[in-house]
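What the coordinates show
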Amino acid sequence: MGSILYLLALPMYILMGWNIHLVIIATSVAIILYSMLGGIKAVIWTDAIQGFILIAGALLCLILLLAGMPEGPKQAIDLAINSPEGNKFSLGSFSGDVTSSTFWVCLIYGIFINLQNYGIDQNYVQRYHTAKTEKEARNAALFGGWLFIPVSAVFFLIGTALYAYYQVMPDNMVAQYVAEGKPDYVFPYFIVNSLPEGMTGLLIASIFAAGMSTVATSITSCATIVYTDYYKKIRPNATDKESLLTLKASSVIIGAIGIVVALALTNVESILDAWWILSSVFSGGMLGLFLLGYISQKVKNVHAALGVLAGFIIIAWISAADWVGLPPSGLHGYLAIVLGTVTIFVVGMALSILLPGKKA
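Here's a quick rundown of the structure. Remember, it's a predicted structure, so these values are computed and weren't measured experimentally.

Analysis parameters
- Residues numbered from 1 in each chain as written.
- Predicted model: local features only at pLDDT ≥ 70, side-chain atom pairs only at ≥ 80, totals over all residues.
- Heavy atoms only, no water.
- Helix = DSSP H or I, 4+ residues; strand = E, 2+ residues; numbered from the N terminus.
- Buried < 20%, exposed > 50% of the residue type's maximum accessible area, 1.4 Å probe, protein only.
- Areas by Shrake-Rupley, 256 points an atom, 1.4 Å probe, with all protein chains shown as cover.
- Core = buried A, V, L, I, M, F, W, Y, C linked by side-chain atoms within 4.5 Å.
- Contact = heavy atoms within 4.5 Å.
- Phe/Tyr/Trp six-rings, centres within 6.5 Å; stacked < 30°, edge-to-face > 60°.
- Lys NZ or Arg CZ within 6 Å of the ring centre and 35° of its normal.

**Some words on the overall build of the protein chain**
If you tally the helices and strands in the protein chain, you get 14 helices and zero strands. For the protein chain, with 360 residues in total, the buried portion stands at 37%. For the protein chain, the exposed surface amounts to about 20,500 Å²; the carbon and sulfur share of it is 70%.

Here it is as structure tokens:
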């Protein structure tokens, strides 16, 4: 949530010069209120419409970037291929290096993070659970997975095209953003300053709407989990009024946490890298625990708890060794979810075999 809130504030900061912290807070408050009013059907339909607008806007940006090159799209391709920093169309190094974001590190990370997304992430699960049949839910999940590939490719191409575009059309603000370590500002800057006026407003509005809908879904999902997994077990006979109050209070608290995270992310160099690392840290344990319970019927609570503890130690070691005074792991942060998940699963399975305990 914090990452999305931060990205939502960037276009308004660049367009209007507003204080980015105030934009984050104001947007978050609106989202918290919005999340309390809508239902899942409204969320799904608004997401679908906004998704089409965003994809169309991204394709338009890519076309304008390539068409805006003085010598045509081929010039952008040549500049990207012959970049001093290396071929911009490269998928990364194919070496076995696990300390940097090589092709293999990103591939393994992608497999595990999408297992987490489609398997246990409430944002995804609650959507395909609204389908009328299991077949429709399966098709929706598969369609979303396949659509992710071309949409991601479009945005990767936009990044490459932006590099080429500002090589032949230098801009002082873009140069300043790059010098200050703020590459995330370049695309919003292009949207604000280079798109036709009507398209600029429409694209910014759709970015805000889609982002607000995504964050609202996260807030309602987290609030639902707090209510069903904790509050209902503590107060099984709670009245409807008490239950509704709990859901609303949970939404406010979760939204406030999102604000704090978004404000903290204003100081990071790359929001994408931060997103991926945070995803590894906070989802690795959940995925391992889910796979452990799904595959094995012999695992007991104590086995799972010890597995999660071992996985948490591994994730903390890879992700935050410097913070806690441990020697560096020598592994890229993206691998935290991979090794954390594997550790929880292996330790839990091993303990269930070695220490089976009494039969249930």
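**As for the nonpolar core**
Core analysis: the largest hydrophobic core is formed by 43 residues, its most contacted members being Cys61, Ile158, Leu162, Tyr166 and Phe190. Elements that contribute at least two residues to this core include exactly α1 (2-16), α2 (20-35), α3 (40-67), α7 (134-168), α8 (172-179), α9 (186-194), α10 (197-234) and α11 (240-265). Residue contacts for Phe190: discarding those within four places in its chain leaves Cys61, Leu65, Leu162, Tyr165, Tyr166 and Leu195. Within the second largest apolar cluster, 10 residues are counted, among which are Val105, Phe112, Ile120 and Val338.

**Things to note about the packing of aromatic side chains**
Summed over all chains, the structure comprises 10 aromatic pairs. Note on Phe103 and Trp104: the rings are 4.9 Å apart at their centroids and 80 degrees apart in plane angle, and the pair reads as edge-to-face. Considering the side-chain rings of Tyr165 and Tyr166, the 5.1 Å spacing of their centres and the 90 degrees angle between planes classify their relative orientation as edge-to-face. A relative accessible area of 13% means that Tyr165 is categorised as buried. A relative accessible area of 11% means that Tyr166 is categorised as buried. Through successive ring pairs, a cluster of aromatic residues spans Phe94, Phe103 and Trp104. Of note, Lys88 hangs over the ring of Tyr163, and the distance from its end group to the ring centre comes to 4.6 Å.

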